[in-house]
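What follows is each chain in one-letter form.
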Amino acid sequence: MTAADPHQGGPVRSTCPYCGVGCGVLLRPDGAGGLGVEGDPDHPANRGRLCSKGLALAETIGLDDRLLAPRVDGHDTDWDTALPHVADRFRETIAEHGPDSVAFYVSGQMLTEDYYVANKLMKGFIGSANIDTNSRLCMASTVAGHKRAFGTDTVPGTYDDLDQADLIVLTGSNLAWCHPVLHQRILAARKRRGTKIVVIDPRRTATCDAADLHLALAPGSDVALFNGLLAAIHDQGAVDRDYARHVDGLDAALAAAGSDRPEHLTGLPAAELQRFYDLWIRTDKVVTVFSQGVNQSSSGTDKVNAILNGHLATGRIGRPGMGPFSVTGQPNAMGGREVGGLANQLACHLDIENPDHRRAVREFWGAPAIAATPGLKAVDMFRAVGRGEIKALWIIHSNPAVTMPDADAVRAAIAGCDFVAVSDVTANTDTARLAHVLLPAAAWGEKDGTVTNSDRTISRQRAALPPPGQARPDWQIIAGVARRMGWRDAFDYTAPVEIFREYAGLSRISGLMGRDFDISGLATLRDIDYAAMAPVRWPVTAQRQGGRFFADGRFFTETGRANMLPVRHRAPAANPDRRHPYRLNTGRLRDQWHTMTRSAKSPRLSAHRPEPFCEIHPEDATALGIAPAGLVELSSPHGRAILRALITTDVGKGELFAPMHWTGETAPSARIDALVAPATDPVSGQPESKAAVVAARPYAATWYAFAVSAAPMTPDAPYWSRARTRSGWRAELAGTEAPADWEAQARALFGLPDAAVQAVTDPARGHHRFAFHDGDRLLAALFVAPEPVLAGRDYLATVPGTDAPEAITGRAPADRPDPGPVVCSCFDVGINTILAAIETQGLHSVDQIGAALQAGTNCGSCRPELATLIARATAPAEAAE
Ligand SMILES: Nc1nc2c(c(=O)[nH]1)N[C@H]1C(S)=C(S)[C@@H](COP(=O)(O)OP(=O)(O)OC[C@H]3O[C@@H](n4cnc5c(=O)[nH]c(N)nc54)[C@H](O)[C@@H]3O)O[C@H]1N2
Ligand SMILES: Nc1nc2c(c(=O)[nH]1)N[C@H]1C(S)=C(S)[C@@H](COP(=O)(O)OP(=O)(O)OC[C@H]3O[C@@H](n4cnc5c(=O)[nH]c(N)nc54)[C@H](O)[C@@H]3O)O[C@H]1N2
Ligand code: SF4
Ligand SMILES: [Mo]
C-alpha cells in the first residue's frame, strides 16, 4: 500500500510530522518495519537539515502501543461495525436534537485532505459549524489579527526573508527549541551578514543565547512594548508617508499607542526600550517573528495587530528581508487555516458570515445545507459538552483532556458526554481512555497527503510503511462515516489526490472572489503529478506562483487598504493576588512533542528532560522553603500539580514556568493545563495558556524514590513520572505515607513477584535499595530516601539488562562516570561529560566541544545549550578579572 515513489528505487520523499518549519525528509524503509530518516537536501525549508526530533523519527514508529482495530465500548471490532455505529449515533443525535448538538474537535496535525473532508462534512452536510481545532489554542489570534489588518489570513513573507534580514525580532517565540531548523538558518545567515537578533520573552530561553538583546518584559505586556515602538517610529519621523496611502487607521493607532506607557507597563528600563526602538527604526530589513507568547493571551489579537502596525507604518512588509512573520506550530497549522478548520471560517479563506461565500461553497459542494453562523470555539465547545448541549463529539488527532485549559473540567466534560468517538494512533491517551468508540488511524509514515508550512509551502507527506492492523488514514475514516450518514456521492473519494483536486478547484472560486488563497493551478493535477509533486508555495494560479504579498500595497479588505488598529495594553485576565501570588507561564521543551504520544517513545528524546519540572526564581524558592530537586505543589482555582523544582534565574521573581507535555500516562500530577483558567481573547477565542495565577508551596513528601527497569513499570504514588530509556524505563516517585513493606512495594512496581533480590535497607533512616536479578542480569532497581534521592541516574538508566553488580550502590563505578542528563541527543552526550571536558580540556567554544565530543555537530539543536554551558563554566573566571 505504499505510495508510488517518483524516484523509483530511491528513498520516499516526505515531510517531518512535527513543527511548522515543515522540513523535507528522505525515508528508507528497511523492509522489517524500520525506517531510515534523513533530511531532504532538496527541500526549500531545510536543505537537508533536521533537528533532534526529526532525526529521532525512526525511534517513534514502533507498533508496541498502536491501536490496531476499531474498538466499540471496549471491544475490538471491524470497520463494518464501527463506521455505521458512529454514523448512526451522529444521525440519531442530529435527528433528535438538531445539527448543533454534535461537534468535531480536530487538529493542525491532520493532513489537508483529512481536514478538508471533516470540514466539508460538518459545515456543508451536517449543516453546523461546530467544528473547531486545536489551532484555536495555537494560531487563532494570528488569524484574527491578520484578518483585521489585511482582510485575509495572509502570511506576507517567506523563509528567505530570514536569510535576508538585518534585524530579526523574536517575540513570544522560543525558536531555538520549537523551530530549531529555522533557528539554525537564522544563525547561518547571521554568520554571513551579521544579522542582529532581539528576543522578547519574560523568560530567559535557549533562544536568548544567540540574542544581541533580550527584553524580559512583564508577562502580557507586548502591546505596550510595540505601542512604544509605533510612537517612536512617529517621533523619529520614520513613518513611510508613501506607503501610508495604502493604510487606514494610522492616526488612531498612533493616538492609542501614545497613551500607553511602555517603561511602566513592560517593567523594562527606558534605556533598554530605547535601544530596541532605535535599532528597529534605523534597520530597514526587519522581520518580526512571533509565536505563542503573542497568540496565547487574552490580548493576543491586539498583540498581533500591535506588531503589524509597526510594519505597516514603515511599509516594511512583503519585501525581501522584511515583514511580520507568524511561525506556525503544527505541521499543518497553516493548511488547517486554509481549509477552514476553525469554527468561524469556510474553506479556502472564505468567510462564513458572507452570504456570497456561503452560496459559492454550498453550490460547489452540492451540499444540502451550509452553516450560516460561526460554530463554537474550542473553550465554548467543551463548556457546551460539559453542559450536555453537545451530545455527540468526535475528536480527531488531538488530546484535549490534557491540552485544553481547565483540563480536569474538560476531561470530566468528555467523560460525561453521551457519545464520544476518538480517532488516534494509540488508545493510551488521557482523551482516548474516555471514548465510547476508538478509531485506529494510520500514523505518519503510513499515509499520503499534503501539509502547508509557515511560509505557505505545500509539501507532500508520503507513505513509506503499510498501516498496521486495521489502521486507516483519517480522510478515509471520516469519508466512511459521511457515506454511512447518507452522503455517498459527496464523499466517494478513493484516494487523497481526488480530495486535493477538489480543494484546489474550490480555491479557484476563492481567487475569483478576490481572496488570497488560490491554488487553482493545481486543480487539474494528474495522479502521477500529485505523486511526484515537489514543494510549492501558494498562491499557484495561471498568473502567479508563490512570492510575497503586500509590497504593492494591495490588500484583501473591502477598501483594498490595510488597517492599522488602535490597540491599548490590557493586563492578563487574572492578576496575582495574596492567595495566588505567582504567574505561571507554560510552553515547550526541545525534545518532546505536545502530549508525548510519539516523541516519548524515543529513548534519545526522553533523555533530554526525563521528568516534569517547574522553574522558580531562587528568592522565591528560599522564601517558600523549596530545596533544589525538591518537589513543589502548585494550585489554582482550577486544579493542582506537583512538579520537580528547578531553581533558576531564567524566570523572574514571582514567575514560574512549567512544560505542557506530561499527562496521565507519563506523570499524572503534572497535567499543567489542570491549573490554567479558560480565559480567552475576546476576538479570537484563543485561551491564555501562558498567564495563569497559582499558589506554590513545597510538597511535603516523606519519601522519594528513583527506579529503573527493563520492563514497563506501573507506579502508584501521589507523585510519579516515567520515561523511556534505551534499556527500558526510569521513574521518579514520591509520597507522604511510606509503605510498610518496601520490598513488596518494589515487587508490585516492577511486576516481579518472584525475582531474586539484593536489598540494603536502613529503616531507621528511611533508606532502602533493592536490585532484582534474573541470574546475572539486572531486571530492575529501586532507591528510596527520605529526601530527594541522590543516585547516578543517567548511569543507572543504562544498566537494566546488563549484569551491573554494583547497581545496588546507586552510584556509577569510577570507570564509568555518570554522564548526566543528555544535552546532545544525536550523539548521546550528557551534561557531566561536557562540563568535565570544558574543565579538563579548557574548551572555550561550541565548536571546540564539537571537536572534542562530537556534541552539537549533527543537527545543532543543542548548540544554544552548549553555549550556555560554556558561558556558565567560564563566567566566574571572567568575573574575577
Ligand atoms: N520541541 C517542540 N517544538 C514544537 C512543539 C513542541 O511540542 N515541541 N510544538 C509546536 C507548536 S504546535 C507550536 S504552537 C510552537 C510553539 O512555539 P513557541 O511559541 O516558540 O513555544 P512556547 O514554548 O509555547 O512559547 C514561546 C515563548 O513565549 C514566552 N512567553 C510567555 N508569555 C509571554 C508574553 O507575555 N510575551 C512574550 N513576548 N513572550 C511570552 C514563553 O516564555 C516561551 O518561551 O512550537 C512548535 N514546535
Ligand atoms: N498550557 C499550555 N497548553 C497548551 C499549549 C501551551 O503552550 N501551554 N499549547 C497549545 C497548542 S499551541 C497546541 S498546538 C496544543 C496541542 O495539543 P494536542 O493536539 O491536544 O496535543 P498532541 O499531543 O499533539 O495530540 C495529538 C494526538 O493525535 C494523535 N495522533 C498522532 N498521529 C495521528 C494520526 O495520524 N491520526 C490521528 N487521528 N491521530 C494521531 C496523537 O497520538 C495524540 O494523541 O496544545 C495547546 N495547549
Ligand atoms: S525543525 Fe525539527 S521538528 Fe520541525 S519540521 Fe524540522 S525536523 Fe521536524
Ligand atoms: Mo500549537
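If you're wondering where the values come from, they're calculated on a predicted model, not measured in any experiment. (Residues numbered from 1 in each chain as written. Chains lettered and ligands numbered in written order. Predicted model: local features only at pLDDT ≥ 70, side-chain atom pairs only at ≥ 80, totals over all residues. Heavy atoms only, no water.)

**Re the overall build of the protein**
Within the protein, the secondary structure is distributed over 28 helices and 34 strands. Here the C-alpha atoms of the protein give a radius of gyration of 27 Å, agreeing with the 29 Å that 2.2 N^0.38 yields for 881 residues. Oriented by its inertia axes, the alpha-carbon framework of the protein measures out at about 80 × 70 × 60 Å. Counting over 881 residues, the protein shows a buried share of 64%. Of the roughly 30400 Å² of accessible surface on the protein, a fraction of 50% belongs to carbon and sulfur atoms. (Helix = DSSP H or I, 4+ residues; strand = E, 2+ residues; numbered from the N terminus. Rg over C-alpha atoms; globule rule 2.2 N^0.38 Å. Buried < 20%, exposed > 50% of the residue type's maximum accessible area, 1.4 Å probe, protein only. Areas by Shrake-Rupley, 256 points an atom, 1.4 Å probe, with all protein chains shown as cover.)

**Structural notes on the confidence of the model for the protein**
The predicted model of the protein averages 95 in pLDDT, with 98% of residues at 70 or higher. Long-range and interchain partners of residues 1–7, a stretch whose pLDDT sits below 50, account for 16 contacts in this model, where long-range means more than four residues apart. pLDDT under 50 marks residues 877–881. Its contacts with residues more than four places away, or in other chains, come to zero contacts. (pLDDT = per-residue confidence, 0-100. Contact = heavy atoms within 4.5 Å.)

**Notes on the packing of aromatic side chains**
Under the definition given, this model contains 27 aromatic pairs. Their ring planes at 75 degrees and their centres at 5.1 Å tell us that phenylalanine 125 and phenylalanine 491 sit as a pair that is edge-to-face. Of this pair, phenylalanine 125 sits in helix 3 (residues 112–126) while phenylalanine 491 sits in the loop between helix 19 (474–484) and helix 20 (496–512), and the two are 366 residues apart along the sequence. In this pair, the class of phenylalanine 125 matches that of phenylalanine 491, namely buried. Ring centres of phenylalanine 550 and phenylalanine 556 lie 6.1 Å apart, and the angle between their planes is 65 degrees; on these two criteria the pair is classed as edge-to-face. Judged by its relative accessible area of 2%, phenylalanine 550 falls in the buried class. Put simply, the rings of Tyr116, Phe150, Trp365, Phe500, Tyr503, Phe517, Tyr530, Trp538, Phe549, Phe550, Phe555 and Phe556 touch in pairs and so form one group of aromatic residues. Lying across the ring of phenylalanine 491, lysine 120 places its NZ or CZ 5.2 Å from the centre. (Phe/Tyr/Trp six-rings, centres within 6.5 Å; stacked < 30°, edge-to-face > 60°. Lys NZ or Arg CZ within 6 Å of the ring centre and 35° of its normal.)

**Quick look at the pattern of salt bridges**
Enumeration according to the criterion identifies 57 salt bridges in this entry. Aspartate 80 serves as the salt-bridge partner of arginine 484, at 3.7 Å between the closest nitrogen and oxygen. Here arginine 484, found in helix 19, pairs with aspartate 80, found in helix 2 (residues 79–97); they are 404 residues apart in sequence, far enough to count as distant. Given a relative accessible area of 27%, arginine 484 falls into the partly exposed group. Given a relative accessible area of 58%, aspartate 80 falls into the exposed group. Where glutamate 633 meets arginine 640, a salt bridge forms, and the shortest distance between an N and an O atom there is 2.9 Å. A relative accessible area of 10% means that glutamate 633 is categorised as buried. (Salt bridge = Lys/Arg side-chain N within 4 Å of Asp/Glu carboxyl O.)

**A short note on the sheet that holds strand 25 (residues 655–659)**
In space, the six strands of this closed barrel follow the order 21-25-22-24-23-26, with mixed pairing throughout. Direction aside, the axes of adjacent strands within the sheet are offset by 45 degrees on average. For strand 23 (residues 631–635) and strand 26 (residues 692–698), the ladder comprises four bridges, and the chain directions are antiparallel. Following the sheet pairing, leucine 634 is matched in strand 26 by alanine 696. (Pairing = 2+ DSSP bridges. Axes fitted to C-alpha atoms, helices over the stretch in contact; angles between N-to-C directions.)

**Structural notes on the site of ligand 1**
As a matter of local geometry, ligand 1 sits amid 35 residues, with Asp201, Gly220, Ser291, Arg588 and Gln592 nearest to it. Between an oxygen atom of ligand 1 and a main-chain N or O atom of glutamine 292, the distance comes to 2.8 Å. Residue leucine 589 places a main-chain N or O atom 2.7 Å away from a nitrogen atom belonging to ligand 1. For ligand 1, the accessible surface in isolation is 920 Å², of which the surrounding protein chains cover 99%. Residue assignment for the shell around ligand 1 shows that the elements contributing at least two residues are helix 6 (175–178), helix 12 (292–295) and strand 21 (582–587). Its residues placed into classes, the shell around ligand 1 shows ten nonpolar, 17 polar and eight charged. Domain assignment of the residues forming the shell around ligand 1 places at least three in each of domain 3 (140–326) and domain 4 (582–698). (Near = heavy atom within 4 Å. Polar contact = N/O pair within 3.5 Å; in protein donor to acceptor, adjacent residues only side chain to side chain. Nonpolar A, V, L, I, M, F, W, Y, C, P; charged D, E, K, R; others polar. Domains from an automatic or database assignment.)

**Concerning the pairing of strand 31 (residues 767–774)**
Within a regular beta strand, the side chains point alternately toward one face of the sheet and then the other, so they alternate between its two faces. Examined bridge by bridge, strand 30 (residues 756–762) and strand 31 share seven bridges and lie antiparallel to one another. Bridging from a neighbouring strand, alanine 759 pairs with phenylalanine 770 of strand 31. In terms of strand pairing, strand 31 meets strand 32 (residues 777–785) through seven bridges, oriented antiparallel. Its bridge partner being in strand 32, arginine 769 is matched across the sheet by phenylalanine 783. Between strand 31 and strand 32, which follow one another and run antiparallel, lie two residues, and glycine 775 among them has a positive phi close to 60 degrees.

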